[in-house]
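# Working through the structure, step by step
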Amino acid sequence: MTRRRAPVSPPVALTIAGSDSGGGAGIQADLKTMEAHGVFGTSVVTAVTAQNTLGVEGSYALPIEEIDAQYSAVQTDFDLGAVKTGMLATAPVIDLVADRLTDAGAPVVVDPVMVAASGDRLLDPDAEAAYEDLIAEATLVTPNVDEATVLTGIEPTDRDTAREAGEALVGMGADAALVKGGHVGRDGNTVTDTLVVDEEDGLATRTFEHPRIDTDATHGSGCTLSSAIAAHLAHGETLPFAVEAGTAFMERAVRYSLDVGNGPGAVHHLA
Ligand code: PLP
């Protein structure tokens, strides 16, 4: 008797990130987002946080050998269509991931997670410099205003400085940078994301505007955006399309956020 193989083979993506026991961000948000996009999500857990909608109570980095063993198990079995990185916690983990993703053979989206929305640190302060090698492997790096400032020394306060920060990240070796948010729109009701792409004939800049949604339930929005972009890339879509569609998915996830837990809630991964 021959064993029947399943007839459907979806794109496969990998998230290398931390676990959020509260389910709103981290690995949990990444896998929900990939599922909502018809992408089979796999994971390498770098750290485990004890966390809920009120904040982070503890954070425990996994031993480097165990992180590497997870990566090896996934990488040797699956044909990965995209990889995303989130919370990497320490400099040795960032170094390991940068090393393993050298010539990953798939698009790599780097979300340089440093601080949770609650203000809790998710990255050792001495690990920020280690990001340089990982950014060099990135197809796209997706910092928020604070992360862009730490990584480039340029604070994106308006369209020009957001573009300059994006250009600096491309100068560090990323193929593209998406500098998220900030009050750079015409008024306080608009959020503008700035995409800088290294194209054959030079650097191209595009901006994506979306309405600022009046809610505190944004926990998990950064993870959701980078995973949605990775999911679109795993489907073989172009980077500008993946960014536009990923941004729209994230906006819906925040707009229809869920009232769960006793804190501000969590974003909603609507398919
Ligand atoms: N990764 C983990 C494990 C987290 O706990 C958090 C936030 O708490 C993040 C990433 C970043 O979350 P956000 O998507 O809100 O930037």
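Residues numbered from 1 in each chain as written. Predicted model: local features only at pLDDT ≥ 70, side-chain atom pairs only at ≥ 80, totals over all residues.

What follows concerns the overall build of the chain. Within the chain, the regular secondary structure consists of eight helices and nine strands. The globule rule puts the C-alpha radius of gyration for 271 residues at 18 Å, and the 18 Å found for the chain is close to it. Of all 271 residues assigned to the chain, the portion counted as buried reaches 49%. Sequence-distant contacts, at least 24 apart, represent 68% of the contacts inside the chain between residues at least 6 apart. (Helix = DSSP H or I, 4+ residues; strand = E, 2+ residues; numbered from the N terminus. Rg over C-alpha atoms; globule rule 2.2 N^0.38 Å. Buried ≥ 20, exposed ≤ 12 C-beta atoms within 10 Å, placed from the backbone. Contact = placed C-beta atoms within 7 Å.)

Membership of the largest hydrophobic core comes to 70 residues, with the highest contact counts inside it found for Ala 13, Ala 82, Val 83, Val 97, Ile 229 and Ala 230. Looking at this core, the element that brings in the most residues is helix α7 (residues 221-234), giving seven residues. Those residues in contact with Ala 13 that sit more than four places away from it in its chain are Met 34, Val 39, Gly 41, Leu 80, Gly 81, Ala 82, Val 83, Lys 84, Ala 230, Ala 231 and Ala 234. (Core = buried A, V, L, I, M, F, W, Y, C linked by C-beta atoms within 7 Å.)

Contacts to the ligand come from 18 residues, most closely from Gly 18, Ala 25, Gly 26, Ala 116 and Gly 222. If you list the elements that add at least two residues to the shell around the ligand, you get β1 (12-20), β2 (40-52) and α7. Broken down by class, the residue content of the shell around the ligand amounts to eight nonpolar, nine polar and one charged. (Near = placed C-beta within 6 Å. Nonpolar A, V, L, I, M, F, W, Y, C, P; charged D, E, K, R; others polar.)

Before going further, it helps to spend a moment on the pairing of β2. Sheet topology places β1 next to β2; nine bridges connect them, and they run parallel. The partner of Asp 20 across the bridge, within β2, is Thr 49. In this fold, β1 hands off to helix α1 (residues 26-36), which returns the chain to β2; that crossover is right-handed. Direction of pairing for β2 relative to strand β3 (residues 55-61): antiparallel, over a ladder of six bridges. Bridge pairing in β3 places Ala 47 opposite Ala 61. If you look at the hairpin formed by β2 and β3, you'll find two residues sitting between the two strands. (Pairing = 2+ DSSP bridges. Right-handed = clockwise from strand over helix to strand, strands pointing away.)

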